[in-house]
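Working through the structure, step by step
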Amino acid sequence: MSKTKLASESLTTMTEMIFPNDTNTLGNLMGGNLMRMMDVVGAICAQKHSNRIVVTASVDNVSFKESIPLGSVVTLQAKVTRAFSSSMEVVIDVWAENIPAQERVSTNKAFFTFVAVDQSGRPIDVPQLITETEEEKALYDGALRRRQLRLVLAGRMQPSEAKELRSLFEV
C-alpha cells in the first residue's frame with residue numbers, strides 16, 4: 001500500500017434527488033436522512049484514501065443553514081483533509097439545487113472522522129495525505145486543532161495536552 005496519497009485522489013461526489021419519503025411534514029428533507037447521506041459519502045471518501053474498511057468515529061457539529069425542499073437535487077462532496085495514524089478527517093459540503101429555476105445553495109458543511117480497520121475491526125495505519133492547493137493546505141493545517149478539540153470534548157485528552165488549541169487562547 002502507498003504510504004502517501006494526494007488529497008484530490010479521495011474526492012467523492014454523490015448526488016441524490018429528494019422524494020416524498022425523504023421529507024418531514026413540511027416537505028423538507030429530514031435532517032437524519034441528510035446525515036445518513038453525509039456518512040455514506042464520507043465513508044466512501046475515506047475508503048478511497050485508505051483502501052480499507054472504515055468506521056465512523058465522530059461527527060462535528062452539523063448545522064442546517066437552509067432547508068432542502070422536496071424535489072431538490074442534493075450534491076454532497078467529500079474530501080480527506082488530513083490522515084493521522086489510523087484516522088482520517090473528511091470535510092463534507094452539501095448543496096441543494098432547484099434545476100428548473102437554476103438555483104443552487106450551500107446548505108451544510110461538516111467534518112467527520114473515520115477510522116480504517118482490518119478484518120477483525122482493529123485500527124490499521126492509513127497513507128499520509130499530500131496537499132496541493134491553498135484550500136487543501138488550510139484544511140490540513142486546521143485539522144490538528146479540530147482533532148484536539150474533539151479529543152478534549154470526548155474526555156480522551158486533557159486540555160493542557162492540546163498544544164494546538166492553547167496557542168489560540170494565549171495573548
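No experiment lies behind these values; they were computed from the predicted model shown.

Okay, the overall build of the protein chain next. What the protein chain contains, in helices and strands, is three helices and seven strands. Taken from the N to the C terminus, the helices and strands of the protein chain come in the order β-β-α-β-β-β-β-β-α-α. For the protein chain, whose C-alpha radius of gyration is 17 Å, the value lies close to the compact-globule estimate of 16 Å for 171 residues. Along the first, second and third principal axes, the C-alpha set of the protein chain runs to 50 × 45 × 35 Å. Restricting the contact set of the protein chain to residue pairs at least 6 apart, pairs at least 24 apart contribute 69%. In the structure as shown, the protein chain presents an accessible area of about 9,700 Å², 52% of it carried by carbon and sulfur atoms. Within the protein chain, one finds 19 positive and 20 negative side-chain charges whose respective centroids are separated by 6 Å.

Quick look at the UniProt feature "domain: HotDog ACOT-type" (unreviewed entry) in the protein chain now. Per the UniProt record, "domain: HotDog ACOT-type" (unreviewed entry) is found at residues 8–120. The annotated region residues 8–120 carries 18% helix and 45% strand content, and the separation between its end C-alpha atoms amounts to 29 Å.

Here the largest pocket is characterised by a volume of approximately 320 Å³. Every residue lining the largest pocket is counted, 15 residues in all, and those nearest its centre are Ala57, Ser87, Thr113, Leu151 and Arg156. Mapped by element, the contributors of at least two residues to the lining of the largest pocket are strand E3 (53–59), strand E5 (87–98), strand E6 (103–117) and helix H2 (134–153). Among the residues making up the lining of the largest pocket, the classes are represented as six nonpolar, five polar and four charged. Space inside the second largest pocket adds up to approximately 150 Å³.

Conventions used here
- Residues numbered from 1 in each chain as written.
- Predicted model: local features only at pLDDT ≥ 70, side-chain atom pairs only at ≥ 80, totals over all residues.
- Heavy atoms only, no water.
- Helix = DSSP H or I, 4+ residues; strand = E, 2+ residues; numbered from the N terminus.
- Rg over C-alpha atoms; globule rule 2.2 N^0.38 Å.
- Contact = heavy atoms within 4.5 Å.
- Areas by Shrake-Rupley, 256 points an atom, 1.4 Å probe, with all protein chains shown as cover.
- Lys, Arg positive; Asp, Glu negative; His and termini not counted.
- Charge placed at Lys NZ, Arg CZ, Asp CG, Glu CD.
- UniProt positions renumbered as here; feature names shortened; annotations may be inferred.
- 1 Å grid on protein atoms, 1.4 Å probe; cavity = no way out; pocket = protein on both sides within 12 Å on 5 of 7 lines; lining within 4 Å.
- Points joined across faces, edges and corners; volume = space filled by probe spheres on them.
- Nonpolar A, V, L, I, M, F, W, Y, C, P; charged D, E, K, R; others polar.

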